[in-house]
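Examination of the molecular architecture
So you can see what is in the structure, the chains are spelled out below.
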Amino acid sequence: MSYIINLLEALIVSYGLVELCNIEKKKIFFVLNTVITFSVSQIFDYINMNYLPLTLIDEILWFIVVVLFTKKFLFHDLYIVTMMNLICDLSASIPIMFIYQYDPIYAGLVAKLINLFLTLGFVWFRKKYDHFESKYWLMLLIIIFLGDCISGFQDEQIISNVYTTTNVLTNIFIVIIMGISLYFFHLIEESNLEKERITKLYEKEKYQDLTYTFMKSTKDELDRFEHRMIYKIRNVKLEIEKSDYDKAIELIDNYRDEIHRINRTVYTGNGVFDTSMMLKLKELEYDVTPCFTISNHDFYNNVQFMNLILELLDTIHVKSLSLIIKEEKNICIVQCVGKNLGLCFDDMKQVLDKKTDLIYRYQMQENNSIDLFTLKIRMEDE
């Protein structure tokens, strides 16, 4: 019957690690970790060393397997593995204290049931407060590791029938202290999230005000330009009537240059993106025709994304450019269309090759008249 208990523990732990760690090839990991955990438990059952040494070996093996299936986040993975080990220890404490001496098999089944509920609860907690754990992982890891060690020693004494009421009370107090500590960190995080929400709201209002001011300035400029246009058309007409066509053409060229110098307005509902793009379009030496069909999404206000777009525009040196930004499902597509754009491709590649914090791919399509550069960036999951 013990093999069923060991299998249940292996399945629960593997599920928890798959849900809580950034595992690649989740199905392979799930099967491999389940087989390893189950096999080790069976071996320790056979040699009758099935608690403290098993707990230590399990944690080491889980961490090694997790590291093999993830590319980074070593400390985060260690925290998750330690937490899963602690959950296993805590779920066994009550059955060991009150049921184990009467029926070890029944105590094991009850322990796995408690283990399942604690694992599901921690998965829910971790997904809801992911930012909280990433900020306080070190303190949490220390608290959890110490609690894991103390709880393990206490349970080992209880199994060996060498324990007193003090051991039982120690286990209970450890659980209470750890619960209070985690709740304390939870309160800190709630406060930080509220401050962050207020800061974002303030920043959003600030950028909205700046965008409104910029658009109002552009409207005023267009009104002034409309008055100048009437005057310039009259001058062109006079030069044509005098048959001075060269002068008329010169006036028309000047008029066209003035049109290009008018501020481009951008409004997509993404405050940082809109303001940054309007300021960049104003300072560029070449003419840019923007076409943005994007949703209101935090991704577009992301510093890494904005820096990438602005740096790309700085590397381009053409007379005119069409800049298209659109999205398809979870992909942001940036397209640049212009003559001789391929000549700037090497500089654009240097910018792109330095950006390792975004997932993207790009290509340049060149022909005799118009070049097309396409950049596809994976957006954050909703």
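Look up a bit, the structure's there.
In this text the structure is predicted, and so the values were computed from the model without any measurement.

Conventions and cut-offs
- Residues numbered from 1 in each chain as written.
- Predicted model: local features only at pLDDT ≥ 70, side-chain atom pairs only at ≥ 80, totals over all residues.
- Heavy atoms only, no water.
- Pairing = 2+ DSSP bridges.
- Helix = DSSP H or I, 4+ residues; strand = E, 2+ residues; numbered from the N terminus.
- Axes fitted to C-alpha atoms, helices over the stretch in contact; angles between N-to-C directions.
- Contact = heavy atoms within 4.5 Å.
- Phe/Tyr/Trp six-rings, centres within 6.5 Å; stacked < 30°, edge-to-face > 60°.
- Buried < 20%, exposed > 50% of the residue type's maximum accessible area, 1.4 Å probe, protein only.
- Salt bridge = Lys/Arg side-chain N within 4 Å of Asp/Glu carboxyl O.
- Parallel < 35°, antiparallel > 145°, perpendicular 65-115°, else oblique.
- Left-handed = near helix turned anticlockwise from the far one by under 90°.
- Nonpolar A, V, L, I, M, F, W, Y, C, P; charged D, E, K, R; others polar.
- Right-handed = clockwise from strand over helix to strand, strands pointing away.
- Core = buried A, V, L, I, M, F, W, Y, C linked by side-chain atoms within 4.5 Å.

Describing the sheet that holds strand β1 (residues 287-293)
Taken in spatial order, the 5 strands line up as β1-β2-β3-β5-β4 in an open sheet, and their pairing is mixed. Two strands in the sheet have a free side with no partner beyond their single neighbour: β1 and β4 (360-365). Between one strand axis and the next, the sheet turns through 10 degrees on average, direction left out of account. As defined by bridge partners, β4 adjoins strand β5 (residues 371-378) across 6 bridges and the pair is classed as antiparallel. Considered in β5, the bridge of Q365 is made with L372. Contacts from helix α9 (residues 271-283) reach β1 and β2 (320-328), with the element oriented near 165 degrees to β1. The strands touched by helix α11 (residues 345-354) within the sheet are β4 and β5, with β4 carrying the most contacts at an inclination of about 175 degrees.

Details of the packing of aromatic side chains
Following the criterion strictly, the structure yields 11 aromatic pairs and no others. Ring centres of F273 and F292 lie 5.4 Å apart, and the angle between their planes is 70 degrees; this geometry places the pair in the edge-to-face category. Separated by 19 residues along the polypeptide, F273 in helix α9 and F292 in strand β1 bring together distant segments of the chain. Exposure class is identical for F273 and F292. Each is buried.

Topic: the pattern of salt bridges
If the charged atoms of two oppositely charged side chains come close together, the side chains can form a pair. Inspection of the entire model under this criterion finds 3 salt bridges. One salt bridge in this structure joins K280 and D314, with 2.8 Å as the shortest N-O distance. In this pair, K280 is assigned in helix α9 and D314 in helix α10 (residues 303-315), connecting sequence segments 34 residues apart.

Description of the packing of α9 against α10
Relative placement of two packed helices is described by the angle separating their axes and the distance separating the axes. Interhelical geometry of α9 versus α10 gives an angle of 15 degrees and a closest axis separation of 11 Å. The pairing of α9 with α10 is recorded here as roughly parallel in orientation. The way α9 lies across α10 gives a crossing that is right-handed. Residues F273, S276, M277 and K280 of α9 form the contact with α10, whose participating residues are F305, M306, I309, L310, L313 and D314. For the contact of α9 with α10, a count of residues per class yields 7 nonpolar, 1 polar and 2 charged.

Topic: the side chain of T374
As for its position among the elements, T374 is in strand β5. Accessibility expressed as a relative area gives 8% for T374, which makes it buried. Contact partners of T374, with chain neighbours within four places excluded, come to I333, V334, Q335, R361, Y362, Q363 and Q365.

Quick look at the packing of helix α1 (residues 2-20) against helix α2 (residues 26-46)
Viewed as axis vectors pointing N to C, α1 and α2 meet at an angle of 145 degrees, and their least axial separation amounts to 8 Å. Seen along the crossing, α1 lies across α2 with a hand that is right-handed. Judged by residue contacts, S2, Y3, N6, L7, A10, L11, V13, S14, Y15, L17 and V18 of α1 engage K26, F29, F30, N33, T34, T37, F38, S41, Q42 and D45 from α2. Its residues placed into classes, the contact of α1 with α2 shows 11 nonpolar, 8 polar and 2 charged.

Concerning the pairing of β1
One ladder, built from 7 bridges, connects β1 with β2; its direction is parallel. Within β2, the position partnered with V288 by the bridge is L321. In the classification by handedness, the crossover that spans β1, the intervening α10 and the parallel β2 is left-handed.

Describing the nonpolar core
Core analysis: the biggest nonpolar cluster contains 39 residues, and F273, M277, F305, C332 and F373 have the highest contact counts within it. Of all the secondary structure elements, the ones that give two or more residues to this core are α9, β1, α10, β2, β3 (331-338), α11 and β5. When residues of this core are assigned to their parent elements, the largest contribution, 7 residues, is made by α10. With residues near it in sequence (within four places) discarded, M277 still touches V266, F292, M306, I309, L310, L313 and L323. Core analysis: the second largest hydrophobic core is formed by 24 residues, V18, C21, F122 and I174 among them.

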